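Here are the chains, one letter per residue:
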Protein chains: 2
Amino acid sequence: MENNTRHEEFMRMAIALSVQNVTESIGGPFGAIIVKDGEFVAGSANKVTSSNDPTAHAEVSAIRLACKELNTFDLSGCVVYTSCEPCPMCLGAIYWARIETIYYANTKVDAENIGFSDKFIYDELDKPMEKRTLPVVQMMRDEAMEAFKLWGNSAMRIDY
Amino acid sequence: MENNTRHEEFMRMAIALSVQNVTESIGGPFGAIIVKDGEFVAGSANKVTSSNDPTAHAEVSAIRLACKELNTFDLSGCVVYTSCEPCPMCLGAIYWARIETIYYANTKVDAENIGFSDKFIYDELDKPMEKRTLPVVQMMRDEAMEAFKLWGNSAMRIDY
């Protein structure tokens, strides 16, 4: 790290969001901050229960806000500071958003120790599909391929 | 499957959304439908580029809509029909939402063949953190644990 002080400043903001979220009874103890070129872009705590949205983890929420702020679906050049190691959903979102570095504090095992499913979901993804607890059934691939063929031939498509 | 006709009807709805999304140039060739007790709850196509939201995959968007419709963050008793195997972000969202079965059509390899990163992200998650292309740095765990301790002791918390 070329500049530890800035890194600590941003992580401290993410941690402050995580603490405030519990003390104000808004949601889980998680906060995340998106930074571009050393400047704050957006931040959010976890809002799953207060917004009735199971996808509203801190990182996903911060990514959505940052994209709104920067008017793009591509956060190349951005980094994320998150108070806890991202779960598979948030890690996937970070990849799709093209965020370039993840700084995190608590681990998925720490999260498991206070009752969260992060590690369970990681363990599920490590298994082959047919060994997971969640049943998965494939059907109708031939019909569904139509949209993929259309996409391949579309001159209007916006890749992402 | 106890009732193949209903399953095919719902999957056909998901596929129709995926096709329409390309023909109307709204987003990627993906559609998803949430069903509870044999009844349609919500459906969405992929809206990443049209809404500037990299998390707005079909499944995540359908989950958000279904939660709004049912006024809950818990989709226990629901199943999802998705025109393509969920990516890690969407699979994580499906676990967090407590959806009970996944029906899918196209595969992550089919998605890769038309230029999408689903399989790449699955391959990344299969690697230990330090071998991934996306740098991950841990810092300040001691400070971040404060929120976890507060959560553990909170009488006001809503578990999820």
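Data block above holds the structure.
In what follows, the accompanying structure is described. (Residues numbered from 1 in each chain as written. Chains lettered and ligands numbered in written order. Predicted model: local features only at pLDDT ≥ 70, side-chain atom pairs only at ≥ 80, totals over all residues. Heavy atoms only, no water.)

1. Thoughts on helix α6 (residues 141–153) of chain B
Alright, step 1. Here α6 of chain B spans 19 Å end to end across 13 residues, near enough to the 18 Å set by a 1.5 Å rise per residue.
Alright, step 2. For α6 of chain B, the complete set of buried residues consists of A144, M145, A147, F148 and W151 of chain B.
Alright, step 3. Looking at the buried positions of α6 of chain B, the neighbouring elements they touch are α1 (4–23), β3 (78–84), β4 (101–106) and α4 (108–113) of chain A. (Helix = DSSP H or I, 4+ residues; strand = E, 2+ residues; numbered from the N terminus. Expected span 1.5 Å × (residues − 1). Buried < 20%, exposed > 50% of the residue type's maximum accessible area, 1.4 Å probe, protein only. Contact = heavy atoms within 4.5 Å.)

2. Focus on the interface of chain B and chain A
Alright, step 1. Chain B puts 86 residues into the contact, and the matching count from chain A is 86 residues.
Alright, step 2. When chain B packs against chain A, the two sides together hide about 7,800 Å² of surface, and 70% of this comes from carbon and sulfur.
Alright, step 3. Counting every contact that joins chain B to chain A gives six salt bridges.
Alright, step 4. With a closest N to O distance of 3.9 Å, D53 of chain A and R64 of chain B form a salt bridge.
Alright, step 5. Where chain B packs against chain A, one counts 26 residue pairs in polar contact (both at pLDDT 80 or more). (Buried area = accessible area lost by both parts, 1.4 Å probe. Salt bridge = Lys/Arg side-chain N within 4 Å of Asp/Glu carboxyl O. Polar contact = N/O pair within 3.5 Å; in protein donor to acceptor, adjacent residues only side chain to side chain.)

3. Overview of the sheet that holds strand β2 (residues 39–45) of chain B
The strands that make up a sheet are held in pairs by hydrogen bonds between backbone atoms, and each pair lies either parallel or antiparallel.
Alright, step 1. Spatially, β5(A)-β4(B)-β3(B)-β1(B)-β2(B) is the arrangement adopted by the five strands of the open sheet, whose pairing is mixed. Two strands close off the open sheet at either side, each with one partner strand: β5 (136–138) of chain A together with β2 of chain B. Looking at each pair of strands side by side, their axes are set apart by 20° on average, direction ignored.
Alright, step 2. Bridge analysis of strand β3 (residues 78–84) of chain B against strand β4 (residues 101–106) of chain B gives five bridges, and the strand direction is parallel. Across the sheet, C84 of chain B pairs through a bridge with N106 of chain B, a residue of β4 of chain B.
Alright, step 3. Sheet strands touched by helix α6 (residues 141–153) of chain A: β5 of chain A together with β3 and β4 of chain B. Its angle to β4 of chain B, the strand with the most contacts, is close to 65°. (Pairing = 2+ DSSP bridges. Axes fitted to C-alpha atoms, helices over the stretch in contact; angles between N-to-C directions.)

4. Some thoughts on the side chain of N106 of chain B
Alright, step 1. Note that N106 of chain B resides in strand β4.
Alright, step 2. Here the side chain of N106 of chain B touches M145 of chain A through a polar contact of 3.5 Å, landing on its backbone nitrogen.
Alright, step 3. Beyond its immediate sequence surroundings of up to four residues, N106 of chain B is in contact with R141, A144, M145 and F148 of chain A together with S83, C84 and E85 of chain B.

5. A few points about the environment of A32 of chain A
Residues and elements named next belong to chain A.
Alright, step 1. By secondary structure assignment, the location of A32 is in strand β1 (residues 31–36).
Alright, step 2. Distance in space between the C-alpha atoms of A32 and V60 is 8.8 Å, their sequence separation being 28 residues.
Alright, step 3. Setting aside its immediate chain neighbours within four residues, A32 contacts A14, L17, A42, G43, S44, A58, E59, A62, V80, Y81 and T82.

6. Points about the relation of the copies chain B and chain A
Alright, step 1. Take chain B, turn it by 180°, move it 0.0 Å along the axis, and it overlays chain A with an RMSD of 0.0 Å. Taken together, the rotation and translation relating the two chain copies correspond to the operation of a two-fold axis. Rotation axis and chain B: the residue whose C-alpha lies nearest the axis is M89 of chain B, separated from it by 1.9 Å.
Alright, step 2. Here 100% of the interface residues in chain B have copies in chain A that are interface residues too; the copies meet face to matching face. (Least-squares fit on C-alpha atoms with pLDDT ≥ 70 in both.)

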